[in-house]
Amino acid sequence: MFWIMGAEEIFNTLAKATGSPFWGMIANQFTHPAWNGFHFYDSIFPLFLFIAGAATPYSVGRELEKGKTKGQVLARVIKRAIILVLLGLVVNNGLVLRPISDIRFGSVLGRIGLAYMFANMIYIYTKKQSTQIIWFCSFLIGYWLLLKFNSAPGHPMGDLTMEGNFASYIDRSILPGKLYLGIHDPEGLVSTIPAISTGLLGIMTGTFLKTSTMSGGAKAGRLVIAGVISIGLALLWNLDFPINKNLWSSSFVLTVGGYSLIALGLFYYIIDVKGYKKWAFFFKVIGMNSILIYMSGHFIEWDYTTNGFFHWLGQLIGDPFNAVALAICYVGIKWAFLYFMYKKNVFLRV
């Protein structure tokens, strides 16, 4: 959330101000590739879904342990998914009445909600983790085969271009309203199928952390090793099914899953095993209200607020680094807002 709330703009403005190839290379990592490929920024969205899955054994699992029926727990999961889908519609379209043809139904929050829901259904109704692994692999292999042996009409079988791939064609055919890119939506319906595996990977990881009798250091090491293996498999699969966030390709799932496992393993070791927690307070404040700050830009004019408080600072610094300073202040203003909410114990929960 730190990057999404504006921190990426610090590097973008720094690259422009310095003209440095190094900062340009860093700034490029805070963009999405036009189609195939992978940048750091691509890992943020699926990491949310992965972490939501990792929390499942501690939230949904705890409710089951307390004696709630599977039906009761499932009802709560479905309710949460519906709320996320509705919030996604608000993020896309605002609180404005529009004709259906002008509404974009696919959304980041909607995908998180749907993939989270189906992954949790599997968790609730499967007793063995081996069964979850089968579901995980089935979604990835099935999606790969679906796109490999089909295409949009008029395109060769297995076409993976934006115009020719089968997932985008199905979305164009059945999704009401408009797609984000006209002929394709990166949060379309069909590409939600492999996203379920992202949630399942998080669930299996959370179950491992919760139930394994290994030492904390050993758990962290296993996560890192699993992450490296996942990335290696992704690179092999990339030869036939390119790493592609727009399609949420199976190789993309393994790529971001690998980085998610490595990141969780490192942070778990630093925070839970070694006990170094104070440094993370800055990020904790952001994470406690992640949905609030994600949606806030549609209701709060943060640029106006930043300029109101710090326009003078930009004038003092002058071109070209005034833009860098204001980008830092932009993030600072948002963090101050979140800190106020944190101190008042006001959190937007789903």
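A short tour of the structure in this document, coming up. Residues take numbers from 1 onward in each chain, read along the sequence in its written order. Only residues with pLDDT of at least 70 get local features here, since the model is predicted, and only at 80 or more are side-chain atom pairs given and counted; chain-wide, interface and lining totals rely on the full set of residues. Remark: hydrogens and water are excluded; side-chain values derive from all non-hydrogen atoms of the structure.

Digging into the overall build of the protein
- From N to C terminus, the protein includes 14 helices and zero strands.
- Strands are runs of DSSP state E lasting at least two residues, helices are runs of H or I lasting at least four, and both sets are numbered from the N terminus onward. Along the protein, from the amino end to the carboxyl end, the secondary structure elements read α-α-α-α-α-α-α-α-α-α-α-α-α-α.
- Taking 350 residues into account, the globule formula puts the C-alpha radius of gyration at 20 Å, and the protein, at 21 Å, falls close to it.
- Dimensions along the principal axes, computed over C-alpha positions, put the protein at roughly 60 × 55 × 45 Å. Here the radius of gyration uses the C-alpha set of atoms, whereas the globule reference equals 2.2 Å times the residue count to the power 0.38.

Looking at helix H14 (residues 322-343)
- For a helix, the expected span equals 1.5 Å multiplied by the number of residues minus one. The first and last C-alpha atoms of H14 sit 31 Å apart over 22 residues, in line with the 32 Å expected at 1.5 Å per residue.
- Of the residues one or two after H14, Asn345 is the one with positive phi, at around 55 degrees.

Let's talk about the packing of helix H6 (residues 129-148) against helix H10 (residues 250-273)
- Running from N to C, H6 and H10 cross one another at 140 degrees; their axes reach a closest spacing of 8 Å. When the interaxial angle is binned, H6 and H10 end up oblique. Contacts from Phe136, Leu140, Tyr143 and Trp144 in H6 reach Ser250, Val253 and Leu254 in H10.
- Gly counts as polar in this scheme, as do all residues outside two lists: the nonpolar Ala, Val, Leu, Ile, Met, Phe, Trp, Tyr, Cys and Pro, and the charged Asp, Glu, Lys and Arg. Tallied by class, the residues present in the contact of H6 with H10 amount to six nonpolar, one polar and no charged. Every angle, taken between N-to-C directions, lies between 0 and 180 degrees, and every axis is a line fitted to C-alpha atoms, over only the stretch in contact when it is a helix. Relative orientations are named as follows: roughly parallel for angles under 35 degrees, roughly antiparallel for angles over 145 degrees, roughly perpendicular for angles from 65 to 115 degrees, and oblique for any other angle. Residues count as neighbours in contact if any of their non-hydrogen atoms are within 4.5 Å of one another.

Notes on the pattern of salt bridges
- A carboxyl oxygen of Asp or Glu within 4 Å of a side-chain nitrogen of Lys or Arg is what we treat as a salt bridge. Counting across every chain of the model gives six salt bridges.
- As a salt-bridge pair, Glu63 and Arg76 come within 1.7 Å of each other at their nearest N and O atoms. With Glu63 in helix H3 (residues 44-65) and Arg76 in helix H4 (residues 70-93), the pair connects residues that are 13 residues apart, well separated along the chain.
- Using a relative accessible area of 41% as the deciding quantity, one classes Arg76 as partly exposed. Whether a residue is buried, partly exposed or exposed follows from its accessible area with a 1.4 Å probe, protein chains only, as a fraction of its type maximum: under 20%, in between, or over 50%, in that order.

A look at the nonpolar core
- Only buried residues count toward a nonpolar core. Its members are Ala, Val, Leu, Ile, Met, Phe, Trp, Tyr and Cys residues joined through side-chain atoms within 4.5 Å. Of all hydrophobic cores here, the largest spans 55 residues; its most connected members are Phe136 and Leu200.
- For this core, the elements supplying multiple residues, two or more each, are H3, H4, helix H5 (108-125), H6, helix H8 (192-211), helix H9 (216-237), H10 and helix H12 (290-296).
- Top element by residues in this core is H5. It accounts for nine residues.
- Setting aside anything within four residues of it in sequence, one finds Phe136 in contact with Ser197, Leu200, Leu201, Met204, Val253 and Leu254.
- Counting residues in each nonpolar core, the second largest holds 19 residues, with Phe2, Val285, Leu338 and Phe347 among its members.

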